[in-house]
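Structural characterization, general
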Amino acid sequence: MQTFDDIKLIDLALDGSQAAYRMLYDKHVDSLFRFVQQFRSTRSDTADLVQQSFIKCFTKLHAFQKQSSFKTWLFGIAVREMQMDWRTWKDRFFEEIDEDQLQPNEDEDKLVTADIFKQVHKLDEQKKMVFLLFAVEGYTHKEISELLEIKESHCRTVLTRAKNELRNRLKESHP
Amino acid sequence: MKPKFYTPNDSPSEMERESMWNQIELAVAEQKLHTLKPLHWRSFWFGCAASILILFSIIGLYAVTKTLFSESRPQAYILDSTYERAMNQLISVTPNLVKQAGEVERPILESKIKNIEDLDAMIDEIRNDMLLNGSSDIKRRQLKRLYAMKMDHVKELLLFDEVSM
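In short, a report on the structure.

What counts and how
Residues numbered from 1 in each chain as written. Chains lettered and ligands numbered in written order. Predicted model: local features only at pLDDT ≥ 70, side-chain atom pairs only at ≥ 80, totals over all residues. Heavy atoms only, no water. Buried < 20%, exposed > 50% of the residue type's maximum accessible area, 1.4 Å probe, protein only. Helix = DSSP H or I, 4+ residues; strand = E, 2+ residues; numbered from the N terminus. Polar contact = N/O pair within 3.5 Å; in protein donor to acceptor, adjacent residues only side chain to side chain. Contact = heavy atoms within 4.5 Å. Core = buried A, V, L, I, M, F, W, Y, C linked by side-chain atoms within 4.5 Å. Axes fitted to C-alpha atoms, helices over the stretch in contact; angles between N-to-C directions. Parallel < 35°, antiparallel > 145°, perpendicular 65-115°, else oblique. Nonpolar A, V, L, I, M, F, W, Y, C, P; charged D, E, K, R; others polar. Phe/Tyr/Trp six-rings, centres within 6.5 Å; stacked < 30°, edge-to-face > 60°. Lys NZ or Arg CZ within 6 Å of the ring centre and 35° of its normal.

Before going further, it helps to examine helix α7 (residues 125-136) of chain A. Within an α-helix, residues lying three or four positions from one another point in the same direction, as the helix has 3.6 residues per turn. All names here are of chain A. In terms of burial, α7 is largely enclosed, as ten of its twelve residues are buried. Of all the positions in α7, only Gln126, Lys127, Lys128, Met129, Val130, Phe131, Leu132, Leu133, Ala135 and Val136 are classed as buried. Capping the start of α7, Asp124 holds a side-chain oxygen 3.2 Å from the backbone nitrogen of Gln126, two or three residues further along. Gly138, located one to two residues past α7, shows a positive phi value of around 80 degrees.

Dropping the structure here:
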């Protein structure tokens, strides 16, 4: 959902207010940095990617449609920056999957715990991304599918896979 | 309470935050220098279409106005134009008459042509005055008389060789 503040700040920024750019940056830099940090090995790499994402975002601000939230748009830009490193990750990972093979487990809700967070970093980057966007950042499947440019059903499938993997890892670590 | 996934260490330090901002600020400022206000293509094409429609409307309006005005021109103006056209056609043949004339007749013909030119100047003067200050009965009458005088001269010019023979 678009907040009034962001819309107003974007309008001001487009009118040439440098302070508005700064306020948008201050508002979203922490959450983006924390998110990107989960996929980068060094803080310097994280800072480079966050900086690049903000530059792209601000220089294309006039193209922002205001249909999604500014944060979703910003995260989308950051994700696409990361995808450029992973090259064909979508082709490799988001192939058509038979959802019947992945039935959700009744204990799924209990999976979101501090213990699981420790195991999240062991997931591959794609699963980790979908899981973090859904469970930590609070995006809906629809938003994630728009952000990653994949089908909503694929997003659900990847999340189910991530949860299954986490469940198996937990069973192994806590027999 | 929802457990927190991120640790405080995951957030950027003040120094990292400022360092990133400095680069972003530079890039944004540079972009502002190199780009004008972005062109909104949809508005641009709507503007073009509107301009074309306005152009066609103006042409149509002009054509209609011209037709209406030409149909509603006063009788005096139509007569004036007719006199003018008829006499111009007659005068157009006078150079041939002068060429064909003998040594004796030529000065007489030239004097008549000079008279016609003087009358033309007076006609032009009255017509300009009518255009600038509007028409009146006196001006129309004067103009009609000048045309009549001019016609007399042209008639004399055309019949000159017959008279002299």
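Turning our attention to the side chain of Glu81 of chain A. Residues and elements named next belong to chain A. Among the structural elements, Glu81 can be located in helix α4 (residues 70-86). Judged by relative accessible area, which is 13%, Glu81 ranks as buried. At 2.6 Å, the side chain of Glu81 and the side chain of Lys56 are in polar contact. With residues up to four places along the chain from it excluded, the contact list for Glu81 reads Leu49, Gln52, Ser53 and Lys56.

A separate point is the nonpolar core. Membership of the largest hydrophobic core comes to 57 residues, with the highest contact counts inside it found for Phe35, Phe54, Phe58, Phe70, Leu133 and Leu148 of chain A. If you tally residues by element for this core, the top one is helix α2 (residues 18-37) of chain A, at nine residues. Counting residues in each nonpolar core, the second largest holds eight residues, with Leu119, Ile126, Leu143 and Tyr147 of chain B among its members.

Residues and elements named next belong to chain A. Between α7 and helix α9 (residues 152-173), the least distance of the axes is 9 Å, while the angle of their chain directions is 100 degrees. Comparing the axis directions of α7 and α9 gives the class roughly perpendicular. In contact with Gln126, Lys127, Val130, Phe131 and Phe134 of α7, α9 contributes Cys155, Val158, Leu159, Arg161, Ala162, Lys163, Glu165 and Leu166. When its residues are assigned to classes, the contact of α7 with α9 shows eight nonpolar, one polar and four charged.

A few words now on the packing of aromatic side chains. Between two aromatic rings, the relevant description is the distance of the centres plus the angle of the planes. Per the counting criterion, the structure on display carries 13 aromatic pairs over all chains. Between Tyr25 of chain A and Trp21 of chain B the ring centres are 5.2 Å apart and the planes differ by 40 degrees, which places this aromatic pair in the tilted class. Taken together, the residues span two chains, with Tyr25 of chain A in helix α2 and Trp21 of chain B in helix α1 (residues 14-34). No difference in accessibility class separates Tyr25 of chain A from Trp21 of chain B, as the two residues are buried. Relative to Phe44 of chain B, the ring of Trp41 of chain B lies with its centre 5.5 Å away and its plane at 80 degrees, an arrangement referred to as edge-to-face. One end of the pair, Trp41 of chain B, and the other, Phe44 of chain B, are both in helix α2 (residues 41-71), three residues apart, so they sit about a helical turn from each other. Residue classification places Phe44 of chain B among the partly exposed residues on the basis of a relative accessible area of 33%. Put simply, the rings of Tyr21, Tyr25, Phe54 and Phe58 of chain A together with Trp21 of chain B pair up and form one aromatic cluster. The ring of Phe39 of chain A carries Lys128 of chain A above its face, with NZ or CZ at 5.2 Å from the centroid.

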